[in-house]
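Residue-level structure breakdown
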Amino acid sequence: MGSPCEKNGIDLVEADKKEKKNGTIFHSADDTHPEAEVFIETESARDLVLYPHGRCSRGVEVVEVWLNQLWNQHKKKATLAFKITLFALYLTYFGYCVHYRYHDEGSYILTAITGAVVIKIVAGLIDGPRLARALKKCQTCIGTSNKSRRVRAVLRYGLYIVASVLLCVYFAIDVIGHSVHNGQAVLGIFCLLLVCFIFSYKPSKVNWHPVFWGFFIQFAFATLTLRTVIGYEAFKWMGDIVHAFVRLSDMGSAFVFGDSFRATKAGFFFETAGVIVFFNSCIFIMDYFGVLEFIVLKIGRGLSLCLETGPVESVVSAANIFIGLSEAPLLIRPYLPTVTKSELHAIMTCGFASISGAFMAMFIKSGAPASHLLTAAVISAPAALAISKLMYPEMERVDLESQSNIKMRDEESTQNLLQAASDGAAFSTKLVAAIMVNMIAFVSILNLLNKIFVWIGERAGVSDLTFDIICSYLMFPLTYVMGATPEDCGKIGALIGIKFFATPFVAYAELGKMIQNRRVFEEYTREMNGTWYLSGEDVILEGTNTTLVKGFMTERSEVITTYALCGISAFPAIGFCMGTLIPMCPSRKKDVIALVLRAFVAGNLANFVTGAVAGVMYTG
């Protein structure tokens, strides 16, 4: 059946022609309905098909096209004007806040934020590639002559001498003389370094530059946080901020689990699951806005410059401060096929020697001191690189050209803010499930081992022979050289053994109980001045008829333990590491399998060295 235009002998082309000539056309829409006529006035038949609602739609489209063209022509200017307006409004707000109230905590935070925003804007105005090319050209020009090489060599070794003298003088005057345990920890650091050198894959190839400056950075940072009032108060303040930030998850947990989750009887899952979900969402939001990339790349470049390590391994070391063993290698996945064995070893070592932000939040919730845990998470980065380069030195040529422009984010996969938060929460479900099922399994197996050891001990007339006691004896020399008091060495050794076997989650939970026991004991002796006595490892408070299970440690031992446990270097993590790297890069399967145990040992030694550094610098 033909169309109405065909029936009246009028096709679309003819309609257009007649319209242009006459301006008005009448025709019947259908033979069966002659009264149904279509009226076209100054519109073509083609426009009738495209714009069934008439002239109004055509007019809206004209305006729409005009606005789109106007926006495309002036998009950059409009965006810049909008940003300038926002910045002007923010400066107005900042100026009013300074005028209204200053010299308190909130005003200092606002000033720091304003300074960071200004620095970011100034850095964005500078042509980065052009500046980098200019600096590279200058460096090339400076380094062409033999004289410039000699100058650089003099500066290099001169810095070695100056830094070594400063450390020796500082140790002699302020560290060793302060307490015998500080000197004990200094000796322990040298013992641990000697062990690393003896068991190095190639001791003759060790480059001592990253080792020396890695430990110097550690000592400098530890001095700032543990030996200066300003540094200690600053990190204590940051630790309090992080602790308060972690507690913000309580509202979401209470909404899902009910208010009873805050009770001790609610269990570890209800106490910590909300923290992991909340913190992981915040990490994804930081990644969405580019904050995480900015911080990680800057820290990574700083480490690469100071330690002369490769960009890839340095970025992974910095990323492990915020994200975990399984997630950090995702950032450098394209480079895995080409990295050297030493770099691959460093990537795995940094993963074992560090904790992610979500884990740190969970450990804080368990009772670990937030300020010391935050410091330990930061200084573990240079320690891991130093120990890794000592245990497996670089023996190949690093392809620096392919690592010159590392990016953490794929701009094409950018989502909106809500999706980033949702993805972070969804990703944490896998994390929560893995942590919880592993804790159920290993705590239960640990209980089984305790029963077996008790039975074995009873056969020989030894009572209460448990896994904790065995580890306390085996790890006693190690904990002693970290600077712990002899009375607490057994307890710290038991916690390290628990970390090895049952992951640091269980160890930090036990440490949190001991810290709480110490606080209860101090409050008891201060307010009641009551009597107490020991029953094995337990402390019995007679005045309140309270039993402090497994007792408590001194605050010094708590700090050393916090640093020594700060790493996912437990036996289950070996499987996590292999399960992450091998699927990412199947071609390096043999290398991963060959290096993973050495990296695991190196990661643990890095944690122990960090604990010894805390033992050197701690004053109370």
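Analysis parameters
- Residues numbered from 1 in each chain as written.
- Predicted model: local features only at pLDDT ≥ 70, side-chain atom pairs only at ≥ 80, totals over all residues.
- Heavy atoms only, no water.
- Phe/Tyr/Trp six-rings, centres within 6.5 Å; stacked < 30°, edge-to-face > 60°.
- Helix = DSSP H or I, 4+ residues; strand = E, 2+ residues; numbered from the N terminus.
- Buried < 20%, exposed > 50% of the residue type's maximum accessible area, 1.4 Å probe, protein only.
- Polar contact = N/O pair within 3.5 Å; in protein donor to acceptor, adjacent residues only side chain to side chain.
- Pairing = 2+ DSSP bridges.
- Axes fitted to C-alpha atoms, helices over the stretch in contact; angles between N-to-C directions.
- Parallel < 35°, antiparallel > 145°, perpendicular 65-115°, else oblique.
- Left-handed = near helix turned anticlockwise from the far one by under 90°.
- Contact = heavy atoms within 4.5 Å.
- Nonpolar A, V, L, I, M, F, W, Y, C, P; charged D, E, K, R; others polar.

Summed over the entire model, instances satisfying the criterion amount to 17 aromatic pairs. Seen in terms of ring centroids, Phe197 and Trp208 are 5.7 Å apart; in terms of plane orientation they differ by 35°. Their pairing is tilted. Pair noted here: Phe197 is in helix H9 (residues 180–198) and Trp208 is in helix H10 (residues 208–226), with a separation of eleven residues, a long-range link. On the basis of relative accessible area, Phe197 is assigned to the partly exposed category, the value being 30%. Measuring from centroid to centroid gives 5.6 Å for Phe352 and Phe600, while their planes differ by 90°, and the two rings are edge-to-face.

This part covers the environment of Ser164. Structurally, Ser164 is set in helix H8 (residues 146–175). On the accessibility criterion, Ser164 (28% relative accessible area) is partly exposed. Here the alpha-carbon distance between Ser164 and Phe212, two residues 48 residues apart in the chain, equals 9.3 Å. Among the polar contacts made by the side chain of Ser164, one reaches the main-chain carbonyl oxygen of Tyr160 at a distance of 2.7 Å.

As a further point, take the pairing of strand E3 (residues 532–535). The pairing of E3 with strand E4 (residues 538–541) spans four bridges and is antiparallel. Bridge pairing in E4 links Trp532 to Leu541. Count of turn residues in the E3/E4 antiparallel hairpin: two residues, of which Gly536 carries a positive phi of about 70°.

For the pair helix H14 (residues 291–307) and helix H15 (residues 311–319), interaxial distance at closest approach is 8 Å and the crossing angle is 130°. Taken together, the axes of H14 and H15 are oblique relative to one another. For the element pair H14 and H15, the recorded crossing hand is right-handed. Contacts from Val296, Leu297, Ile299, Gly300, Leu303 and Ser304 of H14 reach H15 at Pro311, Ser314, Val315, Ser317, Ala318 and Ala319. Residues of the contact of H14 with H15, tallied by class, amount to eight nonpolar, four polar and no charged.

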